[in-house]
Amino acid sequence: FPKQYPQWRPPAQWSKTIGYSHPGSMSLFSTGSAVSDGVRMFVEKGDSDMLEEETAGISFLDTVIAPPIQQGEGRTETLVFVDGNNTKVSCLTAIVPSPDWFIGLDSVDLCPAGEWLDTLQLEVSPMDAGTDNGLTFTSPNW
């Protein structure tokens, strides 16, 4: 666990959520694999421009954008469109402050076996993007 929580520390918060509804062929990240430069920029700096550029040429139905939660706990929500060809949702939310931690969904299928889910509740755990290997919250990228 990183040490030396910054003296100037923003309150614990969650970044905006960004993601996509898509067919099975797309993925924003995959557990155990290196993240893209766009994901790295988003989880380290909160900048989604490069991530949006990376996905510009990829076929997806809808963009998922939800506002940030600017306190340690709270709620955010958004609408996302899915259809019979684009039944999966992938999204990311950065944990602030942190070196490169995030929570996310990787290709969650909302229509398994051809049947739409009425509800879905998932518990997610923090993930480490693996792009900032220092031992402190503000360490340089190695």
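I will try to describe carefully the structure that is included in this document.

### As for a negative patch on the surface
Consideration 1: A surface patch of like charges, here negative, comprises D49, E52, E53 and E54.
Consideration 2: Residue position: E53 is located in helix α2 (residues 49-54).
Consideration 3: Owing to a relative accessible area of 61%, E53 belongs among the exposed residues under this scheme.

### Brief notes about the packing of aromatic side chains
Consideration 1: All chains considered together, the criterion is met by 2 aromatic pairs.
Consideration 2: An angle of 55° between the planes, with centres 4.5 Å apart, marks the rings of Y20 and F60 as tilted. With Y20 in strand β1 (residues 13-22) and F60 in the loop between α2 and β2 (62-66), this pair connects stretches of sequence that are 40 residues apart.
Consideration 3: A relative accessible area of 2% means that Y20 is categorised as buried.
Consideration 4: Note on F29 and F102: the rings are 5.2 Å apart at their centroids and 80° apart in plane angle, and the pair reads as edge-to-face. Highlighted residues: F29 in the loop between β1 and α1 (37-45) and F102 in strand β4 (residues 101-109), separated in sequence by 73 residues.
Consideration 5: Overall, F29 belongs to the buried group, its relative accessible area being 6%.

### Some points on the side chain of S90
Consideration 1: Relative to the helices and strands, S90 resides in strand β3 (residues 88-96).
Consideration 2: Of the polar contacts made by the side chain of S90, one reaches the backbone nitrogen of S107; its length is 2.7 Å.
Consideration 3: S90 has contacts with I18, G19, Y20, H22, L28, L105, D106 and S107, leaving out every residue within four places of it along the chain.

Parameters at a glance
- Residues numbered from 1 in each chain as written.
- Predicted model: local features only at pLDDT ≥ 70, side-chain atom pairs only at ≥ 80, totals over all residues.
- Heavy atoms only, no water.
- Patch = residues over 30% accessible without salt bridge, like charges linked within 9 Å, V, L, I, M, F, W, Y side chains within 5 Å.
- Areas by Shrake-Rupley, 256 points an atom, 1.4 Å probe, with all protein chains shown as cover.
- Salt bridge = Lys/Arg side-chain N within 4 Å of Asp/Glu carboxyl O.
- Lys, Arg positive; Asp, Glu negative; His and termini not counted.
- Charge placed at Lys NZ, Arg CZ, Asp CG, Glu CD.
- Helix = DSSP H or I, 4+ residues; strand = E, 2+ residues; numbered from the N terminus.
- Buried < 20%, exposed > 50% of the residue type's maximum accessible area, 1.4 Å probe, protein only.
- Phe/Tyr/Trp six-rings, centres within 6.5 Å; stacked < 30°, edge-to-face > 60°.
- Polar contact = N/O pair within 3.5 Å; in protein donor to acceptor, adjacent residues only side chain to side chain.
- Contact = heavy atoms within 4.5 Å.

It is worth stressing that arrangement in space is one thing and function is another; only the former is reported here.
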